[in-house]
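Examination of the molecular architecture
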There are 2 protein chains.
Amino acid sequence: MKRKITLKQIARELEVSISTVSKALKDSDEISKDTKQKIQAFAKLYNYRPNNIALSLKNRRTKNIGVVIPDIVHHFFTTVFRGIEKYANERGYNVIVCVSDESYDKEVVNMELLANGSIDGFIMSVSAETQQKNDFHHLREVMDQGFPLVLFDRVIDEIECDKVVMNDEEIAYEATCKFLEEGKKKVALVTTESYFNVSEKRAEGYRRALVEQGADYDPKLTLVVPFRGGEESCIDAFFEEEEFDAVLCVNEVFAVQVMGIAQEKGYRVPEDISVIGFTNGLLSRYSSPTLTTIAQHGERMGEVAAEMLIEKLENEIGFEEEETYRTEIIEATLIERNSTGKKK
Amino acid sequence: MKRKITLKQIARELEVSISTVSKALKDSDEISKDTKQKIQAFAKLYNYRPNNIALSLKNRRTKNIGVVIPDIVHHFFTTVFRGIEKYANERGYNVIVCVSDESYDKEVVNMELLANGSIDGFIMSVSAETQQKNDFHHLREVMDQGFPLVLFDRVIDEIECDKVVMNDEEIAYEATCKFLEEGKKKVALVTTESYFNVSEKRAEGYRRALVEQGADYDPKLTLVVPFRGGEESCIDAFFEEEEFDAVLCVNEVFAVQVMGIAQEKGYRVPEDISVIGFTNGLLSRYSSPTLTTIAQHGERMGEVAAEMLIEKLENEIGFEEEETYRTEIIEATLIERNSTGKKK
């Protein structure tokens, strides 16, 4: 995708002043008919769209970065935010956050709000509902308006932009192998609904490890916890219905809930049931037993996202030059604590 | 404090058009000398200060609320934020957050950023450093510019504005009494540096309970954990140096750390040492044992703050009418779990 053409670029290309371009596009009598026609045709050809306030404010840099995250009560997103802030502040940028609360509508409203002159570019992780609806027009819109966009964690394959992701598939593979090395035979997965692409990748790594290592892969051992509420009773029912000796959980809250319910039911962790979670937050460190978990390095992810965005903001590409995008991968780390056993 | 006078109000009072007022204040030749003198004198008398962009944008309502919080990786602030969002969204407002990261400078920059046309009013909890420096000019500045301000939790006595606070002193009193009812004799307090006025109030409730109930109050049993870092080694040293059988902690992280260190040292919780924390987050629910804690009802606090702000935004007061402010108190609740014993 090409960046949106600006008044300045039209002026430069046609060797006239910016004010002439502006007046010509408003069909002012001050400009000769020939010049107007030339400028109007050129603007049309390159799809120039005046964008009232947003555009005029955009030309004076705000030095603000807009961050849109799905949830503020979530250790991972808040640590990514910290990383964004850390890097951005060092480079003289401020950061404003809006929270989509996993809602598509709120995400759209938030992005319009921020695009209206408050910020120079976006860093975001899309909401659950947006992934579910598969509607990304609001992302395309801000990019068309000339705002650089960096997606992190929950990224969208169909959107061409800079991205920062974690090696979700590989680290889930590694965690599953760890259970097998301990001698566990029936490894379960507790995950969220699959429209989260990260959950899908983790499920894929889990499945691949079991298949490649010659262990049993039984789809019944995957528990999909519904999007909002009822997690605990759902996990409780899973314990009643299925048998397993290890559980990989896609976040630390599920992992701590699984450990709590297992212990209530008289299982020992990790002797009877080993547990591994994702996210290395306070819960993992202070749960009982302490949780073996996958550190997602959210702060690093935030720093990289901010670096990519600021690079785009500060290096204007030439007129008609193709924009290039890249995807950075942050390597997660398995942190061993007491919810898993020793290698056999 | 009176609200700042606007062009519109000057125009209404002097029975001229807004554009006449504006031109007169710019000393335009289009306006007669007499009219200019009258308008300029009136504006001076009522302390009119033109505020470039902020003011002109202010006149067209943004329907956005700016929230400035000290920390995003903190259960209490994020739940307050949720409450603000919930109420504001219902009333058709959006919420933008900036995080001061406990820094005075960042708080100042964030408020300038938001005041620059993005929002209609502020809800905030001031940073540690701001309380330490005792410098609140940036709060006065946004109020002088006509932005309503609601402070929550960490409020400033010297600033006249709407406030939402918790009954910190009373609930700390109640929690301390609970230890005494269990039969505990030496109750310790683990707190933060005292420039946090909430910590000060909790310490006061703790002290008053011990004195009024005829128990020992020993200043050596108050541990002041330094602002950043080293919490665990600090708590560890406290265990080595002092003797106590109950600990009131001003947040849930300290409480969970105290329980962890106590158990490592061979004490049983609550038989040997009872523990109560503040904040009813995930940690309290999943720690081992589960934590008796003070629910601060952050979501309710956020809802009330948003309600107060929107009321100010939507009910313009008359010219020369005195602004009135109120302070709402949210009643905290003691939630009993397994880190405290039964009443004796």
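As named in an unreviewed UniProt entry, chain A is Transcriptional regulator, LacI family, taken from Zobellia uliginosa.

A word on the packing of helix 9 (residues 168–181) of chain B against helix 10 (residues 197–212) of chain B. All names here are of chain B. Packing of helix 9 against helix 10 brings their axes to within 7 Å, and their N-to-C directions diverge by 40°. By the angle between their directions, the pair helix 9 and helix 10 is classed as oblique. Considering how the two elements wind past one another, helix 9 and helix 10 form a crossing that is right-handed. Between helix 9 and helix 10, the contacting residues are Asp168, Glu169, Ala172, Tyr173, Thr176, Cys177 and Leu180 on the first element and Val198, Lys201, Arg202, Glu204, Gly205, Tyr206, Arg208, Ala209, Leu210 and Glu212 on the second. Residue composition of the contact of helix 9 with helix 10, grouped by class: eight nonpolar, two polar and seven charged.

All names here are of chain A. Read across the sheet, six strands follow the order 7-6-8-9-10-12 without closing on themselves; strand pairing throughout is mixed. Strands at the two margins of the open sheet, each flanked by one partner only, are strand 7 (222–225) and strand 12 (333–335). With direction set aside, neighbouring strand axes in the sheet form an average angle of 20°. Here three bridges tie strand 8 (residues 246–249) to strand 9 (residues 274–278), and the two strands are oriented parallel to one another.

Looking now at the interface of chain B and chain A. Across the contact, 33 residues belong to chain B and 33 residues belong to chain A. Buried area between chain B and chain A, both sides added, is near 2800 Å², and the carbon and sulfur share of it is 62%. Counting the contacts that link chain B with chain A gives four salt bridges. Taking the shortest distance from any N to any O, the salt bridge between Asp71(B) and Arg82(A) comes out at 3.5 Å. On the surface where chain B and chain A come into contact, there are 12 residue pairs in polar contact (both at pLDDT 80 or more). For the side of chain B that touches chain A, the secondary structure elements donating two or more residues are helix 5 (75–90), strand 2 (94–99), helix 6 (104–115), helix 12 (252–264) and helix 13 (282–286) of chain B. Residues of the side of chain B that touches chain A, tallied by class, amount to 16 nonpolar, 10 polar and seven charged.

So, on to the pairing of strand 4 (residues 149–152) of chain A. Residue and element names in this part refer to chain A. Of the two faces of strand 4, the one holding Leu149 and Leu151 and the one holding Val150 and Phe152 are both buried throughout. Note that strand 4 and strand 5 (residues 162–166) share three bridges and pair parallel. Note that in strand 5 the partner of Phe152 across the bridge is Val164.

This part covers the relation of the copies chain B and chain A. Turning chain B through 180° and shifting it by 0.0 Å along the axis lays it on chain A, with an RMSD of 0.1 Å. In short, the pair behaves as if placed about a two-fold rotation axis. Of the interface residues in chain B, 100% have counterparts in chain A that sit at the interface too, so the contact is made through matching surfaces.

All names here are of chain A. A residue-level look at chain A finds 92% of positions with pLDDT of 70 or above and a mean pLDDT of 88. Here helix 4 (residues 52–59) stands out as the element of chain A with the lowest mean pLDDT, 41, in contrast to strand 8, whose mean of 98 is the highest. Across residues 51–58, confidence stays below pLDDT 50; counting only partners more than four residues off in sequence or on other chains, it has 15 contacts. Both confidence scores are given for the complex: pTM 0.78, ipTM 0.74.

A word on the sheet that holds strand 6 (residues 187–192) of chain B. Residues and elements named next belong to chain B. Here we have six strands laid out as an open sheet, ordered 7-6-8-9-10-12, and mixed in their pairing. Unpaired on one side and paired on the other, strand 7 (222–225) and strand 12 (333–335) mark the two borders of the sheet. Adjacent strand axes in the sheet meet at a mean angle of 20°, parallel and antiparallel pairs treated alike. In this sheet, strand 12 lies alongside strand 10 (residues 292–295) in antiparallel orientation, the contact comprising three bridges. Across the sheet, the residue bridging to Ile294 is Leu334, located in strand 12. The sheet strands contacting helix 12 are strand 6, strand 7, strand 8 (246–249) and strand 9 (274–278), and the helix crosses strand 9 at an angle near 160°.

For the rest of this paragraph, the subject is the pattern of salt bridges. All names here are of chain A. Enumeration over the complete set of coordinates arrives at 39 salt bridges over all chains. Across the pair Lys312 and Asp162 runs a salt bridge whose closest N-O atoms are separated by 2.7 Å. With Lys312 in helix 14 (residues 298–314) and Asp162 in strand 5, this residue pair connects regions lying 150 residues apart in the sequence. For Lys312, a relative accessible area of 14% puts it in the buried group. Here Asp162 falls in the buried class, since its relative accessible area comes to 3%. Overlapping salt bridges bring together Lys86, Glu299, Arg300 and Glu303 as one network.

Here the focus is the nonpolar core. In this structure, Ile123(A) and Ile123(B) are the most contacted members of the largest nonpolar core, which totals 142 residues. With near-sequence residues (within four places) excluded, Ile123(B) lies in contact with Ile65(B), Gly66(B), Val67(B), Val68(B), Ile84(B), Val150(B), Phe152(B), Ala305(B), Ala306(B) and Leu309(B). By size, the runner-up hydrophobic cluster in this structure holds 46 residues, among which are Met124(A), Leu139(A), Met111(B) and Leu151(B).

Glancing now at helix 12 of chain B. Residue and element names in this part refer to chain B. Given a rise of 1.5 Å per residue, 13 residues ought to cover 18 Å, and the 18 Å separating the end C-alpha atoms of helix 12 matches this to within 8%. Taken as a whole, helix 12 has its buried residues at Glu252, Phe254, Ala255, Val256, Gln257, Val258, Met259, Ile261 and Ala262. Put simply, Asn251 is the residue that caps the front of helix 12, since its side-chain oxygen is 3.2 Å from the backbone nitrogen of Val253.

Cut-offs and rules
Residues numbered from 1 in each chain as written. Chains lettered and ligands numbered in written order. Predicted model: local features only at pLDDT ≥ 70, side-chain atom pairs only at ≥ 80, totals over all residues. Heavy atoms only, no water. Axes fitted to C-alpha atoms, helices over the stretch in contact; angles between N-to-C directions. Helix = DSSP H or I, 4+ residues; strand = E, 2+ residues; numbered from the N terminus. Parallel < 35°, antiparallel > 145°, perpendicular 65-115°, else oblique. Left-handed = near helix turned anticlockwise from the far one by under 90°. Contact = heavy atoms within 4.5 Å. Nonpolar A, V, L, I, M, F, W, Y, C, P; charged D, E, K, R; others polar. Pairing = 2+ DSSP bridges. Buried area = accessible area lost by both parts, 1.4 Å probe. Salt bridge = Lys/Arg side-chain N within 4 Å of Asp/Glu carboxyl O. Polar contact = N/O pair within 3.5 Å; in protein donor to acceptor, adjacent residues only side chain to side chain. Buried < 20%, exposed > 50% of the residue type's maximum accessible area, 1.4 Å probe, protein only. Least-squares fit on C-alpha atoms with pLDDT ≥ 70 in both. pLDDT = per-residue confidence, 0-100. Core = buried A, V, L, I, M, F, W, Y, C linked by side-chain atoms within 4.5 Å. Expected span 1.5 Å × (residues − 1).

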